[in-house]
Amino acid sequence: GAGVSQSPSNKVTEKGKDVELRCDPISGHTALYWYRQSLGQGLEFLIYFQGNSAPDKSGLPSDRFSAERTGGSVSTLTIQRTQQEDSAVYLCASSYLGGRYTGELFFGEGSRLTVL
Amino acid sequence: AQRVTQPEKLLSVFKGAPVELKCNYSYSGSPELFWYVQYSRQRLQLLLRHISRESIKGFTADLNKGETSFHLKKPFAQEEDSAMYYCALSGFYNQGGKLIFGQGTELSVKP
């Protein structure tokens, strides 16, 4: 594929609804990351996957947030009972792990979530 | 705790002027430091990393472990350098390559 693909690019939802954000990483990339980008907060780490397992979920802000990855490829970030403070751009990135040094992260264009 | 601090939210310079974007970090082990850049309407992308010791688009950054800094510098700014710049930190051999980012500095280069 050309790069990391995210959908939807824009999502407007009502407070209390559930949303799912999808990420399709670069083929062959073993690691997948979710970040949240909001005004004044920079890039906030949420979770990362190595294969299908998530060794580090430390950035998920609450139990309303969850993510899964299947087949070592596509990942879905789910936000339940959305709140207005969840409004942000959710970025996905993928990387190939295996070298001595940290691999370059390749980012998607992001999913902009607006909670009314 | 790992932390990256970019003290300036916005840096505005004139074309041809030198520019320095500041980055300080806190990390107990051996860090890897990066600069990522996001141009308008484009994806966030890697600009440079300290282990490469490269100059990319005229930008350089030196890791100063004594001052725990990794400032990004360019001697003569160009209008096309206007973008959002993020400093990021990772630990060697660990954490699956997870990066901790700073809050970002918006660079505006005026004609």
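Quick look at the structure, then. (Residues numbered from 1 in each chain as written. Chains lettered and ligands numbered in written order. Predicted model: local features only at pLDDT ≥ 70, side-chain atom pairs only at ≥ 80, totals over all residues. Heavy atoms only, no water.)

With respect to the sheet that holds strand 7 (residues 65-69) of chain A
All names here are of chain A. A sheet is described by the order of its strands in space; here 4 strands give the open sequence 1-3-8-7, paired in antiparallel fashion. The strands lining the two open edges of the sheet, one partner per strand, are strand 1 (5-7) and strand 7. Going from strand to strand, the sheet's axes swing by 15° on average, the running direction of each strand aside. Alignment of strand 3 (residues 19-24) against strand 8 (residues 75-79), held across 5 bridges, turns out to be antiparallel. Residue pairing across strands places L21 opposite L77, the latter belonging to strand 8. (Pairing = 2+ DSSP bridges. Helix = DSSP H or I, 4+ residues; strand = E, 2+ residues; numbered from the N terminus. Axes fitted to C-alpha atoms, helices over the stretch in contact; angles between N-to-C directions.)

Describing the side chain of H71 of chain B
All names here are of chain B. Relative to the helices and strands, H71 resides in the loop between strand 7 (60-61) and strand 8 (72-74). At a separation of 2.9 Å, a polar atom in the side chain of H71 contacts the main-chain amide nitrogen of C23. Not counting residues up to four positions away in its chain, the partners in contact with H71 are E20, L21, K22, C23, N24, W35, T60, A61 and D62. (Polar contact = N/O pair within 3.5 Å; in protein donor to acceptor, adjacent residues only side chain to side chain. Contact = heavy atoms within 4.5 Å.)

Comments concerning the interface of chain B and chain A
The interface is formed by 22 residues belonging to chain B together with 25 residues belonging to chain A. Summed over both partners, the interface of chain B with chain A comes to about 2,000 Å²; 53% of that surface belongs to carbon and sulfur atoms. Between chain B and chain A we count 1 salt bridge in total. A salt bridge links K98 of chain B to D56 of chain A; the nearest nitrogen and oxygen atoms lie 2.7 Å apart. For the pair chain B and chain A, the interface holds 7 residue pairs in polar contact (both at pLDDT 80 or more). Within the residue set of the side of chain B that touches chain A, elements represented by two or more residues are strand 5 (31-38), strand 6 (45-49) and strand 9 (83-91) of chain B. For the side of chain B that touches chain A, the element with the highest residue contribution is strand 5 of chain B, accounting for 4 residues. Class assignment of the residues belonging to the side of chain B that touches chain A gives a composition of 10 nonpolar, 8 polar and 4 charged. (Buried area = accessible area lost by both parts, 1.4 Å probe. Salt bridge = Lys/Arg side-chain N within 4 Å of Asp/Glu carboxyl O. Nonpolar A, V, L, I, M, F, W, Y, C, P; charged D, E, K, R; others polar.)

Quick word on the pairing of strand 5 of chain B
All names here are of chain B. Extensive coverage of strand 5 is indicated by the burial of 8 of its 8 residues. Of the two faces of strand 5, the one lined by P31, L33, W35 and V37 and the one lined by E32, F34, Y36 and Q38 are each fully buried. Where strand 5 lies against strand 9, 8 bridges are found, and the strand directions are antiparallel. Following the sheet pairing, E32 is matched in strand 9 by S90. As paired strands, strand 5 and strand 6 are joined by 4 bridges and run antiparallel to one another. (Buried < 20%, exposed > 50% of the residue type's maximum accessible area, 1.4 Å probe, protein only.)

Regarding unusual backbone geometry
All names here are of chain A. The omega torsion of the bond from S7 to P8 falls at -10°, within 30 degrees of zero and hence cis. Checked against the element boundaries, P8 lands in the loop between strand 1 and strand 2 (10-13). One non-glycine residue, R81, adopts positive backbone phi at about 50°.

Some details on the nonpolar core
With 25 residues, the main nonpolar core has W35, L72 and Y85 of chain B as its most contacted residues. For this core, the secondary structure elements donating two or more residues are strand 2 (10-14), strand 3 (19-21), strand 5, strand 6, strand 9 and strand 11 (105-110) of chain B. Element by element, the count of residues in this core is highest for strand 9 of chain B, at 4 residues. Setting aside residues up to four positions removed in sequence, Y85 of chain B forms contacts with Q6, L21, W35, Y36, V37, Y39, L47, F59, L72, G104, T105 and L107 of chain B. Residues V89 of chain A together with Y36, L44 and Y86 of chain B belong to the second largest nonpolar core, which totals 20 residues. (Core = buried A, V, L, I, M, F, W, Y, C linked by side-chain atoms within 4.5 Å.)

Details of the environment of A61 of chain B
Residues and elements named next belong to chain B. Note that A61 resides in strand 7. Residue classification places A61 among the buried positions, given a relative accessible area of 12%. C-alpha separation for the pair A61 and E20, spaced 41 residues apart in sequence, amounts to 9.4 Å. Beyond its immediate sequence surroundings of up to four residues, A61 is in contact with W35, L48, F70, H71 and L72.

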